[in-house]
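Overview (structure and organization)
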Amino acid sequence: MWYGKKGPMVDNNQFVETHAHIYSSKFKEDIADVIERSQEAGVSKIYMPNVDHESIDGMLELENKYPEYCIPMMGLHPCSVKKDFEKELYIVEDWLSKRPFVAVGEIGTDLYWDKSLFELQKEAFIIQCNLANQNDIPVIIHCRESIDETIEILEGMANAPKGIFHCFTGDVEQAKRIIALGHKIGIGGVATFKNGGLDPVLLEIDLENMVLETDCPYLAPTPYRGKRNEPAFIELVAQKISDLKNIPVSEVAQSTTNSALQIFKS
Ligand SMILES: [Zn+2]
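Quick notes on the rules
- Residue numbers here run from 1 along each chain, matching the order of that chain's written sequence.
- Whole-chain, interface and lining totals are the exception, using all residues; otherwise, since this is a predicted model, local features are given only for residues with pLDDT of at least 70 and side-chain atom pairs are given and counted only at 80 or more.
- For side-chain calculations, the full set of non-hydrogen atoms in the structure is used, while hydrogens and water are omitted.
- Helix and strand labels come from DSSP, where a helix needs a run of H or I of at least four residues and a strand needs a run of E of at least two; each type is numbered from the N terminus.
- We compute the radius of gyration over the C-alpha atoms and compare it with the globule rule, which gives 2.2 Å times the number of residues raised to the power 0.38.
- The rule is simple: take the accessible area with a 1.4 Å probe, protein chains only, and divide by the maximum for that residue type; under 20% is buried, over 50% is exposed, in between is partly exposed.
- The criterion used for residue contact is that any of the two residues' heavy atoms lie within 4.5 Å.
- The method behind every accessible area is Shrake-Rupley, applied with a 1.4 Å probe, and residues are considered shielded solely by the protein chains displayed.
- Charge counting follows a simple rule: Lys and Arg are positive, Asp and Glu are negative, and His as well as the terminal groups are ignored.
- Charge coordinates come from a single atom per side chain, which is NZ of Lys, CZ of Arg, CG of Asp or CD of Glu.
- Salt bridge, as applied in this entry: a Lys or Arg side-chain nitrogen positioned within 4 Å of an Asp or Glu carboxyl oxygen.
- One requirement defines pairing of two strands: DSSP has to find at least two bridges between them.
- A clockwise path from the first strand over the helix to the second, with the strands pointing away from the viewer, defines a right-handed crossover.
- Definition of a polar contact: a pair of N or O atoms within 3.5 Å, with one able to donate and the other able to accept a hydrogen when the atoms are protein atoms, and with sequence-neighbouring residues admitted only if both atoms are side-chain atoms.
- To estimate how far a helix should extend, the number of its residues minus one is multiplied by 1.5 Å.
- In this description, the arc belongs to the directions extending from the helix axis to the C-beta atoms.
- Two rings from Phe, Tyr or Trp (for Trp, the six-membered ring) form a pair when their centres are within 6.5 Å of each other. A pair whose planes differ by under 30 degrees is stacked, one over 60 is edge-to-face, and the rest are tilted.
- Whether a charge sits over a ring depends on NZ of Lys or CZ of Arg being within 6 Å of the ring centre and within 35 degrees of the ring normal.

Attention shifts here to the overall build of the chain. The helix and strand tally for the chain stands at 9 helices and 10 strands. Against the globule reference of 18 Å for 266 residues, the chain gives a C-alpha radius of gyration of 17 Å, in line with a compact fold. Seen along its three principal axes, the alpha-carbon backbone of the chain occupies a region of about 50 × 40 × 30 Å. Looking at the 266 residues of the chain, the share that counts as buried comes to 58%. In the chain, 73% of the contacts between residues at least 6 apart in sequence involve partners at least 24 apart. Taken as a whole, the chain presents about 12000 Å² of accessible surface, with 48% of it coming from carbon and sulfur. Placing the 26 positive and 41 negative side-chain charges of the chain at their respective mean positions leaves the two points 3 Å apart.

For the structure on display, the rule yields 11 salt bridges. Lys265 is paired through a salt bridge with Asp136; the nearest N and O atoms lie 3.7 Å apart. Of this pair, Lys265 sits in the segment after helix 9 (249–264) while Asp136 sits in the loop between helix 4 (118–135) and strand 7 (139–144), and the two are 129 residues apart along the sequence. Given a relative accessible area of 55%, Lys265 falls into the exposed group. Between Arg177 and Asp148 there is a salt bridge, and its shortest N-O distance comes to 3.5 Å. With Arg177 in helix 6 (residues 172–180) and Asp148 in helix 5 (residues 147–155), the pair connects residues that are 29 residues apart, well separated along the chain. Judged by relative accessible area, which is 27%, Arg177 ranks as partly exposed.

To continue, consider the pairing of strand 4 (residues 43–48). With respect to burial, strand 4 is a largely interior element, 5 of its 6 residues being buried. Where strand 3 (residues 15–17) meets strand 4, 3 bridges bridge the pair, whose relative direction is parallel. The residue bridging Val16 from the neighbouring strand is Lys45, located in strand 4. In the classification by handedness, the crossover that spans strand 3, the intervening helix 1 (residues 31–40) and the parallel strand 4 is right-handed. Bridge analysis of strand 4 against strand 5 (residues 70–72) gives 3 bridges, and the strand direction is parallel. Looking at strand 5, one finds that Tyr47 is bridged to Ile71.

Secondary-structure assignment places His77 in the loop between strand 5 and helix 3 (85–98). A distance of 3.0 Å separates a polar atom in the side chain of His77 from the backbone nitrogen of Cys79. With residues near it in sequence (within four places) discarded, His77 still touches Val51, Glu106 and His142.

A few words on the environment of Ser80. Among the structural elements, Ser80 can be located in the loop between strand 5 and helix 3. Taking the C-alpha atoms as reference, Ser80 lies 27 Å from Lys265; in sequence the two are 185 residues apart. Residues contacting Ser80, with those up to four places away along its chain left out, are Val51 and Asp52. A polar contact of 2.7 Å, which involves the side chain of Ser80, links it to the side chain of Asp52.

Moving on: helix 3. Taking 1.5 Å of rise per residue, 14 residues should cover 20 Å, and helix 3 covers 20 Å from first to last C-alpha, within 8% of that figure. Residues Phe85, Glu88, Leu89, Val92 and Leu96 constitute the buried set of helix 3. Across the axial projection of helix 3, the buried residues extend over an arc of 100°, all falling on one side. Helix 3 presents Glu86, Lys87, Tyr90, Ser97 and Lys98 as exposed residues on the side facing more than 90 degrees away from its buried surface.

Before going further, it helps to examine the packing of aromatic side chains. The description of an aromatic ring pair rests on the distance of the ring centres and on the angle between the ring planes. As enumerated under the stated definition, the model contains 4 aromatic pairs in all. Taking 3.7 Å as the distance between ring centres and 10° as the angle between the ring planes, the aromatic pair formed by Tyr47 and Phe264 counts as stacked. A residue pair is termed long-range when its members are at least 10 positions apart, and Tyr47 in strand 4 and Phe264 in helix 9 qualify at 217 residues. Each member of the pair, Tyr47 as well as Phe264, carries the same accessibility label: buried. The interplanar angle of 5° and the centroid separation of 4.1 Å between the aromatic rings of Tyr224 and Phe233 together place this pair among those described as stacked. Residue classification places Tyr224 among the partly exposed residues on the basis of a relative accessible area of 27%. Its relative accessible area of 7% is what places Phe233 among the buried residues. A cation sits over an aromatic face here: Arg144 above Tyr112, 3.6 Å from the ring centre. The lysine or arginine in question, Arg225, covers the ring of Phe193, its NZ or CZ lying 3.6 Å from the ring centre.

These figures come from the coordinates and say nothing about function on their own.
Dropping the structure here:
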C-alpha cells in the first residue's frame, strides 16, 4: 500500500502517467519497487518518452519486462539536437518504420540551455511533426523557456499534429492557444510548487484539457521536491488539481485518464 498525504488510497482511482523517464539510471537499483509502488498508487499505464539513441535500449528493455504497462515513444529530444542531428533523426525514422510506437516524443525546443541551436531544434521538430503525421500518431512536446516559439511553429504548419504539451509552465493565454491547436496540457509536479505559478491555469482551464505526468526522475511534487520523482507521486498532482478545482480526486483521475488514452489511442 502506498500512502498519499491524506492516508492510504482506498478507492480505485486509475491514473495514466503520460511522461516518465523510468529507464533513467536513477531507477537502476530499484525499478521493480518503483513499478510496484506505481501500480499500488493506481497508475494503469506509464508512457516513456525517448531522448536520443542512447536511451532506446533501456526503454525497450522496460517495455519487454512490463509489456502494455511501460509503453515507449520514439523521438529526438531538443536538448539532444546537435549539428549532427540528421544521424539521430535517421535512427528515429528507422525505428518508426520497424515497429509501432504510440507517439513521437519527446520533441520540441529548449531555450534554457543553448539558444544558438534553436534553428536546428526547429528543423528537427518540424521533421518529427511530419513523421508523426505519416505514422498517424501524436507528438509529445517539450518547450522549456520556448512556449510561444513552439506554439508559433505549430500554428504555422498546414497540418500540425496533435498531442501533449508536456510539463506545462505557461499562462492561461498560452494554455488556450495550445488547446485551440487540439493539444492537451501535461500537468506535473510544478503544479504543486508554491512558486510554480500554475494555479490560474488549473483554475481557469477545463479539466478535460489536462493530462497528468511526473517527468520523473525530475520535478518531484511537494513534499518530495528536490528528491527523485517516480510515477506513484502522480496522485499528489491529481490531489492539487482536485483541491484547487474543488472536485473529487476520482473525477481528476477519470478525466485525465480518458484524455490520455484518447491522445495515445491505446
Ligand atoms: Zn521528459
